[in-house]
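Below are the chains, spelled out letter by letter.
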Amino acid sequence: MKTFRIPPIQTLRNFLTYCGRAPSHLSDAAGNSRGPALRRKPFASLPEEGYSISFHRRSTLSTISMSSSEPQNPPPEQGEEEDAKATSKKAAKKEAAKQEKLRRKAEAAALAKAASSLAVEEEDPLAGNYGDVPLNKQQSREELDLSAWTKVRELNAELKDKEILIRGRAQTVRPVSKNMAFVVVRESGFTVQCVVTVQPEIVSRQMVKFISGLTSESIVEVQGIVSVPNVAIKGATQQVEVQVRKLYCVNRALPTLPITIEDASRSEKEIEEASKAGEQLVRVNQDTRLNNRVIDLRTPAGQGIFQIQSEVSYVFREFLHTEGFVEIHTPKLIAGSSEGGAAVFRLDYKGQPACLAQSPQLHKQMAIAGDFGRVFEVGPVFRAEDSYTHRHLCEFTGLDVEMEIKSHYSEVMDVVDKLFVTMFDRLNEQKCKPYLEAVAKQHPFEPLKYLRKTLRLKFEEGIQMLKLGFLYMFFSSNFVYVNTLQDAGEVVDPYGDLNTEAERKLGNLVLKKYGTEFYILYRYPLAVRPFYTMPCHDDTKYSNSFDVFIRGEEIISGAQRVHVPDLLEERAKACGIDVSTISTYIDAFRYGMPLHGGFGVGLERVVMLFCGLKNIRMTSMFPRDPRRIAP
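Residue positions are counted from 1 within each chain, in the order its sequence is given. Where local features are concerned, this predicted model is filtered to residues with pLDDT of at least 70; where side-chain atom pairs are given and counted, the filter is 80 or more; whole-chain, interface and lining totals use all residues. Where side-chain values are given, they derive from all heavy atoms of the structure, hydrogens and water being excluded.

The name an unreviewed UniProt entry assigns to the chain is aspartate--tRNA ligase, from the organism Linum tenue. UniProt positions are given in the numbering used here, feature names are shortened, and annotations may be inferred rather than shown by experiment. For the record of the chain, the UniProt heading Subcellular location (unreviewed entry) holds the text "Cytoplasm".

Here it is as structure tokens:
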């Protein structure tokens, strides 16, 4: 192969000139001067056929590579026949000249096509309207007016004919022709269709080509005019289009992703219906989702779940602030177990035994001793249980409350009642409606049923419902509903805790009798409660404690606390806790402690049950369970 380099602007003209007469300034790839003496020399050595030209862009110079796809004819052998030698030299020269002319014509046409293509790209007068944004333009070089930006979720018909600027991900890119392409841009779960159409002085073919080459999930900035189509847009959440004027790629995603948003957004119903129709759709399993969590979180349902979780946390804080509570932050490294039992992460703390806090229980009680009256905390909680269930995690976010009580622990239940009814009302308002719809589209669920005044049942009443069953007459269908744990082969211990199946059965019974999926079960057996729980005044087998349930699953544990130091120490020993590891906690009670109580709830569990989801890992952004500690 022979390679020559020519300044790009003169590429075609000089090359064609060279085909006839080599210009004096022509140079080869090594930079050696080629004068008139090299006229046609490179072409003379090329074969008659199988010759190609490739045009390459190299910095400020263009390279013309000339190669042959066929081997050159070998030199004549000595044994050639005499009649071949007698061939007319004049006829041979004439034929060679003809072939040379045809070859040069083909070469010139090929080079003209390549040069023309490059020249159009280089000389695109609208090149400033699109392209990849260089890094040095993204390093916070200058401050811009943020009011110029519009969120995708805010795009609506009221913005018709107005120019907007948005940033998001190129969810899908669909070229229609050389003159038109569609791009669906997504921001925080909301999508809008952007239309790129060739228009004089606005959008060039090169711009359409650039946009058509964008990879899915790349970050883009789009400037354009809002338009309202006459028909509904099925592929986007926003019912407007953006007529693109400018588009820049801020950061390109890899061409092939480990999972696609389309596959990760698919519901089980879609997969099953497609399977019945003979079509096999991709099902993204839970481990694959969690291994590629940053992509899984981009799905509409993923965005919706954590927007709802944010609202739960916000309402929790807001409500308690209005009720006179003070937010506190307690240590997560403690000397001894805060709940008792073996489910604790133990570690070495500078040569001393320590553990991760199972709850902020001890320190929020000490805050009450410090005269804060009413406190709450939102923070991590650690449980070293080997629980491989749909509702247990080794680390979760705890929403904890502690408060003085005047006479009865029902005051704590009153706070629970008002707090969660307020929370459910807020989640059902317009603000969260699109998030709930996004979750329900992939994971269908029925809205939570709850009462304006939360139902309260004694633990003994719940046990009676489970033991005897509840006869409920469906007058409309004329049959009797009977549901008992005996039917399921379960045994109910009146002084034991409820297992998962018992909780679910009781939840069904309560729903059918009282029409609610949210209720409080109080006066639990003392044996199944933590050491700091106050025993009942009339029967020490029971305690002043309660649990709260949503859709047949427990989400809250609460109680009146023991405030007498001697009784507290006695209860700790009975639960197998080394009192020396919590001596500073017990000492706080020796300086005077008011009557108090409180409760704790797992944030992830509240969201899971409110949205009717099947696994708590869906509501933990980066879940930690007995098998998972990454990502």
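Caption draft 1: Structural context of the sheet that holds strand β16 (residues 395-404). When DSSP finds two or more bridges between two strands, those strands count as paired. For the purposes of this entry, the term helix denotes a DSSP run of H or I that reaches at least four residues, the term strand denotes a run of E that reaches at least two, and both are numbered from the N terminus. Across the sheet, eight strands lie side by side as β11-β15-β16-β23-β22-β21-β20-β17; this open sheet has mixed pairing. At either end of the open sheet lies a strand with only one pairing partner, and these are β11 (326-327) and β17 (455-458). The pairing of strand β15 (residues 374-382) with β16 spans nine bridges and is antiparallel. Counterpart to Val 381 in the pairing with β16 is Phe 396. Contacts from helix α12 (residues 410-427) reach β16, β17, β20 (518-522), β21 (545-550), β22 (553-560) and β23 (596-602) within the one sheet, and its direction differs from that of β23 by about 35 degrees. In what follows, a contact means two residues having at least one pair of non-hydrogen atoms within 4.5 Å. Under this scheme, a helix contributes an axis fitted over its contacting stretch, all axes are lines through C-alpha atoms, and angles between N-to-C directions fall in the 0 to 180 degree range.

Caption draft 2: Expanded view of the nonpolar core. In this text, buried Ala, Val, Leu, Ile, Met, Phe, Trp, Tyr and Cys residues form a nonpolar core when linked through side-chain atoms within 4.5 Å. Exposure categories follow from relative accessible area, calculated using a 1.4 Å probe and restricted to protein chains: below 20% of the type maximum is buried, above 50% is exposed, and the middle band is partly exposed. Counting residues in each nonpolar core, the largest one holds 84 residues, and the members touching the most others are Phe 420, Phe 546 and Ile 555. Examining the composition of this core, we find that ten residues originate from one element, α12, more than from any other. Not counting the four nearest positions on each side in its chain, Ile 555 is found in contact with Phe 420, Phe 518, Val 548, Ile 550, Gly 600, Val 601, Gly 602, Arg 605, Val 606 and Leu 609. Counting 19 residues, the second-largest nonpolar core is a separate cluster that includes Met 534, Val 562, Ala 572 and Tyr 585.

Caption draft 3: Spatial organisation of the pattern of salt bridges. One speaks of a salt bridge when a side-chain nitrogen belonging to Lys or Arg is within 4 Å of a carboxyl oxygen belonging to Asp or Glu. Inspection of the entire model under this criterion finds 36 salt bridges. For Glu 402, the salt bridge is made with Lys 364, and the minimal N-O distance between the two is 3.4 Å. Here the residue Glu 402 occupies a position in strand β16, and Lys 364 occupies one in helix α11 (residues 361-369), the gap between them amounting to 38 residues. With relative accessibility at 2%, the residue Lys 364 sits in the buried group. Through salt bridges that share partners, Asp 566, Glu 569, Lys 573, Asp 587 and Arg 590 make up one connected network.

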